[in-house]
Amino acid sequence: DTAVSQTPKYLVTQMGNDKSIKCEQNLGHDTMYWYKQDSKKFLKIMFSYNNKELIINETVPNRFSPKSPDKAHLNLHINSLELGDSAVYFCASSQGRSNEQFFGPGTRLTVL
Amino acid sequence: DAKTTQPPSMDCAEGRAANLPCNHSTISGNEYVYWYRQIHSQGPQYIIHGLKNNETNEMASLIITEDRKSSTLILPHATLRDTAVYYCILRSGGSNYKLTFGKGTLLTVNP
């Protein structure tokens, strides 16, 4: 059984479009995260939710909006996609804020 | 910003121990040393963490120097599947619980 799953795995889209990436975890964790890994392979945190409440919001453009409908899901919606948004986006979850994080397989977003 | 220094790459022969060093000379008293790895095209995977004492689990051992300014991750019997980028990360035990990934060490296990 997949612990942290993301859909889609690959996403190719045009500049200016709006797209969403979905994340689900079946570990019963209360904290979820979104990370971005750029072409230089740097992995940076974007957002974190604890019990559906936003607790980390790094310097990320307003075009990125996370949504947590329940503790098991954290979706990422991106408006007006730009070339620089091309990256691999990883979702992660943990039980509590300080415990080990479990990562999903990633979503490779390509903006043309 | 990452506060750790790791060699960019290392090689290890299959079946031998892989010793990955990490310097963290500015570590503060409440910061834990965490290790994650990322196998090509996959999400990062937690390996181990420690505060002061050496730690061991089914994946690896973590040796932290007495002054806590450096540590070593040991994979006792490296396999080809251990080829990955290994990240040494400092994480506060307080409210700053973010994981800040640096460049890591690319470990290549050779047959």
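Residues numbered from 1 in each chain as written. Chains lettered and ligands numbered in written order. Predicted model: local features only at pLDDT ≥ 70, side-chain atom pairs only at ≥ 80, totals over all residues. Heavy atoms only, no water.

Turning our attention to the pairing of strand 5 (residues 43-50) of chain A. Residue and element names in this part refer to chain A. Judged by how many residues are buried, strand 5 sits mostly within the fold: seven of eight residues are covered. The hairpin turn running from strand 4 (residues 31-37) into strand 5, its antiparallel successor, is five residues long, and Lys-41 in that turn takes a positive phi close to 75°. In sequence, strand 5 turns back onto strand 6 (residues 53-57) through a hairpin of two residues, with Asn-51 there showing a positive phi of about 50°. (Buried < 20%, exposed > 50% of the residue type's maximum accessible area, 1.4 Å probe, protein only. Helix = DSSP H or I, 4+ residues; strand = E, 2+ residues; numbered from the N terminus. Pairing = 2+ DSSP bridges.)

Turning next to the state of the cysteines. Cysteine pairs can be linked by a disulfide, which is a covalent bond between their two sulfur atoms. Under the criterion given, the structure shown has two disulfides over all chains. A sulfur-sulfur distance of 1.8 Å marks the disulfide that ties Cys-23 of chain A to Cys-91 of chain A. Because the sign of the S-S torsion sets the handedness, a value of about -75° for the bond joining Cys-23 of chain A and Cys-91 of chain A places this disulfide among the left-handed ones. With Cys-23 of chain A in strand 3 (residues 19-25) and Cys-91 of chain A in strand 9 (residues 87-94), this pair connects stretches of sequence that are 68 residues apart. Owing to a relative accessible area of 0%, Cys-91 of chain A belongs among the buried residues under this scheme. There is a disulfide in this structure between Cys-22 of chain B and Cys-88 of chain B, and the S-S distance comes to 2.1 Å. The sign of the -85° torsion about the S-S bond sets the Cys-22 of chain B-Cys-88 of chain B disulfide as left-handed. (Disulfide = S-S within 2.5 Å.)

Our next topic: the interface of chain A and chain B. Listed as interface residues are 19 residues of chain A and, on the opposing side, 16 residues of chain B. Across the interface of chain A and chain B, roughly 1,500 Å² is buried in total on both sides, 54% from carbon and sulfur atoms. Taken together, chain A and chain B are joined by zero salt bridges. Our count for the chain A to chain B interface comes out at three residue pairs in polar contact (both at pLDDT 80 or more). (Contact = heavy atoms within 4.5 Å. Buried area = accessible area lost by both parts, 1.4 Å probe. Salt bridge = Lys/Arg side-chain N within 4 Å of Asp/Glu carboxyl O. Polar contact = N/O pair within 3.5 Å; in protein donor to acceptor, adjacent residues only side chain to side chain.)

This brings us to the nonpolar core. Residue and element names in this part refer to chain B. Counting 21 residues, the largest nonpolar core has Leu-20, Trp-35, Leu-73, Leu-75, Tyr-86 and Leu-107 as the members making the most contacts within it. Elements with a contribution of two residues or more to this core: strand 2 (18-23), strand 3 (31-38), strand 4 (45-50), strand 6 (61-64), strand 7 (70-75), strand 8 (84-92) and strand 9 (105-110). Looking at this core, the element that brings in the most residues is strand 8, giving four residues. (Core = buried A, V, L, I, M, F, W, Y, C linked by side-chain atoms within 4.5 Å.)

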